[in-house]
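The residues making up each chain are set out below.
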Amino acid sequence: MFGKLASWVPFLFLLALVLKLWMEPKGYRLRSTILKLILAAVTFGAIFVSYGTFKGIEPGISLLAVLVSLKILEAHTAREFQVMVMMAWVLCLCGFLLSQDLAIAFCLFLAFALLIAALVQFHRGSSPGAFWLPLATTFKLLAQATPVVVLLFLVFPRINTGFQFRIGDLHSAMTGFSDRLSPGGIVALASSSDIAFRAEFPDSRTGPAGPMYWRGLVMWHCEGMEWRAPNAPASISDSSRRYPTSDKAIRQQITIAPHGARWMFALDRPFGIPSGAMLARGNYLYSVQPIRKARRYEVLSSAEPVGKELDAYERRQALQLPASITPSVRELAASFAAHDSEPRATVNSALQFFRTQGFRYSLSPGEYNKNDLEEFLLHRRTGFCEHYAASLATLMRLAGIPARVVVGYLGGEYNDLGGFFLVRQSDTHAWCEVWIPENGWTRIDPTSVVAPGRTSLDLSSFLASRVASGEMATGRSGFFTRLARLAFVNQIRLTWEALNYQWDTRVLGFDADVQDVLLTSLGLINGGPLPLVMQVLIVIAALLIIYAGWMQLRTRPRADRIQALYDGFCQKLARIGVQRDPWEGPSDFAIRAAQSLPNESERVRQITETYIALRYGPGAAAIGLDKFAKEVNAFTAHR
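My aim in this report is to walk through the structure given alongside it, one point at a time. (Residues numbered from 1 in each chain as written. Predicted model: local features only at pLDDT ≥ 70, side-chain atom pairs only at ≥ 80, totals over all residues. Heavy atoms only, no water.)

### Details of the sheet that holds strand 2 (residues 195-200)
Strands sit in the order 8-11-6-2-16-15 across an open sheet of 6 strands; the sheet is antiparallel. Looking at the sheet topology across the chains shown, the edges are occupied by strand 8 (270-272) and strand 15 (413-415). Across this sheet, the average inter-strand angle for adjacent strands is 40°, counted without regard to direction. Both strand 8 and strand 11 (residues 295-302) contribute to a ladder of 2 bridges, which runs antiparallel. Counted as the bridge partner of Gly 272 is Leu 300 from strand 11. In this fold helix 16 (residues 487-508) packs onto strand 2, strand 6 (249-256), strand 11, strand 15 and strand 16 (420-424), with an angle of close to 80° to the strand it touches most, strand 15. (Pairing = 2+ DSSP bridges. Helix = DSSP H or I, 4+ residues; strand = E, 2+ residues; numbered from the N terminus. Axes fitted to C-alpha atoms, helices over the stretch in contact; angles between N-to-C directions. Contact = heavy atoms within 4.5 Å.)

Next up, the structure:
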């Protein structure tokens, strides 16, 4: 819960545990009712100050964690211990509500298992083997519960559409880029290792050749160094869309992480629209509903421009200029078209300007604001991708060429174990699109002329290559840098990421649609939640009955076989005149039989002792039972 709740909440929990370890041997506990009320009031007030409300997931979980902390300090009875264990189980569930990451799930499973072991040990009391025996019992219980858990997971009706989701306010839940491109907005994500999405190419395992530009948002409104996307994007009508030939289509299966907003991602120039989404003006995907859970969709993209007509409305939008543009910037834009006003020649002149005038690609370019276009272009000349994309698009509009800014992701790390590309928030990228009459909207990435290696690598790999070549310093120590480059460390990381992907797609992504497909393949008709619940309960009851019967059969045969063998031994003695009386115990009967059969007295005594050990001893090995059976079967006697 660290990083998810107010930092003082988990620290208070740990402090309560430390205090309890100190108080318990001395017999101390929180007894004063007044002090309890004061502590409760103070902590409740701290929760309200931290969150501004008691409503919501985070305040509610914080409240429960605080109550458990106070309960730890006052608990001293067996009932209170059991209450604490149950409250801790609820906290495990709350931890899963805060994050559904595989590492978190693994930690929560360990915590859940250790709580069961603690409860088992509490009921066992002080006894030898206090560590391993409770753990063995715990994992035995979990193993017995596994079939029921798997059954419930697969066939129990889905109340929601999956397990991975994001709870909270829409704006506070956003991750990655936003619908506003401000100087320094993307560079702030350069160190983020959070996952944006994963992508597979079913028709080509390693993906398309060349750089992968993942389209996210198209921004039309220009304010110099700052650009904005429409608040409510308009959909492109089917009649105005141009579909490429099938050999030019690139099919992708994308699993996007929940981010609370509506943008979706696809390889540049998407045209195949997944369900629940629309193709917005500017050729980018926009979800009908906020994406609050992991979402998997398939989309088609074109390897060539999908439209070669520019209507009057788009032209007006693509030529809109900010009010505050300095004369020197206007002169610079005019100089690009001075020798040749043809759009492609103007674009090439602008790129040549970025290539030859000492511009630097940097993660720490310093502070800029939306009116600092002249400062960036003519003086400092240091920036990240958003600075170059915003400035080039503004210069093209000043030169009379329709332009817009596209924000998305560039590249991605290929995982050969899972066969997918992993795109992180650090791969966020911005580029420019200009209108070339014969080609339509054409991608122009000024970053490619300032930092050519960036377009062929994800950002982390690009930065690592620059660090290795000495062009950039790293903030990490040399030891960790060398450790990260080791082959086996990289293999472990790729394996863990592949497991995470399977966790996200197979477990967290098991929603109602996937369940319907599974039930149909099994020949089960989903007639609604209630019939399915009844079927599940019937199957669970049948499994429990079978398990109870199996346990009964497992415990009875040994005792019955021992008794049956001894009864057979007594019948052999009865046939030669030594009859056992109903009230006579095994030891007394053996003494009397030995007196009647002095030649067989040793065998009678040995068989009787073995029977008593097997029947009434603390435990009997299978080898002892087999030996007893052989002795009884071999026993023959005559008077």
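### Some remarks on the environment of Leu 625
Tracing the sequence through the fold places Leu 625 in helix 21 (residues 622-634). C-alpha of Leu 625 to C-alpha of Arg 561: the two residues are 64 residues apart in sequence and 8.8 Å apart in space.

### Describing the pairing of strand 9 (residues 277-280)
One ladder, built from 4 bridges, connects strand 9 with strand 10 (residues 284-287); its direction is antiparallel. Across the sheet, the residue bridging to Ala 280 is Tyr 284, located in strand 10. With antiparallel pairing between neighbouring strands as the criterion, strand 9 and strand 10 make up a hairpin whose turn holds 3 residues, including Gly 282 at a positive phi of roughly 110°.

### Here we look at the packing of helix 19 (residues 586-596) against helix 20 (residues 601-616)
Where helix 19 meets helix 20, the closest approach of the two axes is 9 Å, and the angle between their N-to-C directions is 170°. When the axis of helix 19 is compared with that of helix 20, the two are roughly antiparallel. Contact with helix 19, carried on its side by Pro 586, Ser 587, Ala 590, Ala 593 and Ala 594, involves Ser 601, Val 604, Thr 608, Tyr 611 and Ile 612 of helix 20 and no other residues of that element. Looking at side-chain class alone, the contact of helix 19 with helix 20 contains 7 nonpolar, 3 polar and no charged residues. (Parallel < 35°, antiparallel > 145°, perpendicular 65-115°, else oblique. Nonpolar A, V, L, I, M, F, W, Y, C, P; charged D, E, K, R; others polar.)

### A closer look at the sheet that holds strand 14 (residues 403-410)
Each strand in a sheet pairs with its neighbour through backbone hydrogen bonds, running either in the same direction (parallel) or in the opposite one (antiparallel). Spatially, the 5 strands line up as an open sheet ordered 7-3-14-17-18, and their pairing is antiparallel. Strands with a single pairing partner mark the edges of an open sheet, and in this sheet they are strand 7 (266-267) and strand 18 (440-444). In the sheet, strand 14 pairs with strand 17 (residues 428-436) via 7 bridges, with the strands oriented antiparallel. Bridged to Val 406 within strand 17 is Trp 431. Packing of helix 10 (residues 343-356) onto the sheet brings it into contact with strand 17 and strand 18, and relative to strand 17 it is tilted by some 145°.

### Quick word on the pattern of salt bridges
If charged atoms from side chains of opposite charge come close, those side chains can pair. All told, the structure shown has 26 salt bridges when counted by the stated rule. One salt bridge connects Arg 215 with Asp 268, and the closest N-O pair in it is separated by 2.5 Å. Residue Arg 215 is located in strand 3 (residues 213-219), and its partner Asp 268 is located in the loop between strand 7 and strand 8; the two are separated by 53 residues in the primary sequence. Here the two residues Arg 215 and Asp 268 agree in accessibility, since each one is buried. One salt bridge connects Arg 443 with Asp 268, and the closest N-O pair in it is separated by 2.7 Å. One end of the pair, Arg 443, is in strand 18; the other, Asp 268, is in the loop between strand 7 and strand 8, with 175 residues separating them in the sequence. Given the relative accessible area of 6%, Asp 268 is considered buried. Beyond isolated ion pairs, a larger network of salt bridges with shared partners links Arg 215, Asp 268, Arg 404, Glu 433 and Arg 443. (Salt bridge = Lys/Arg side-chain N within 4 Å of Asp/Glu carboxyl O. Buried < 20%, exposed > 50% of the residue type's maximum accessible area, 1.4 Å probe, protein only.)

### Considering the side chain of Asp 504
Inspection of the secondary structure puts Asp 504 in helix 16. Reaching out from Asp 504, the side chain makes a polar contact with the side chain of Arg 198 at a distance of 2.6 Å. (Polar contact = N/O pair within 3.5 Å; in protein donor to acceptor, adjacent residues only side chain to side chain.)

### A short note on the nonpolar core
As a rule of thumb, nonpolar side chains are buried together in soluble globular proteins. By size, the foremost hydrophobic cluster in this structure holds 47 residues, and its most contacted members are Leu 181, Phe 354, Leu 377, Leu 395, Met 396 and Val 434. Among the secondary structure elements, those contributing two or more residues to this core are helix 9 (327-336), helix 10, helix 11 (373-380), helix 12 (385-398), strand 14, strand 17 and helix 13 (447-450). Looking at which element gives the most residues to this core, the answer is helix 12, with 9 residues. Those residues in contact with Met 396 that lie beyond four places of it in its chain are Phe 336, Thr 346, Val 347, Ala 350, Ile 401, Ala 403 and Val 434. (Core = buried A, V, L, I, M, F, W, Y, C linked by side-chain atoms within 4.5 Å.)

In short, the description is geometric, and any link to function would need to be established separately.
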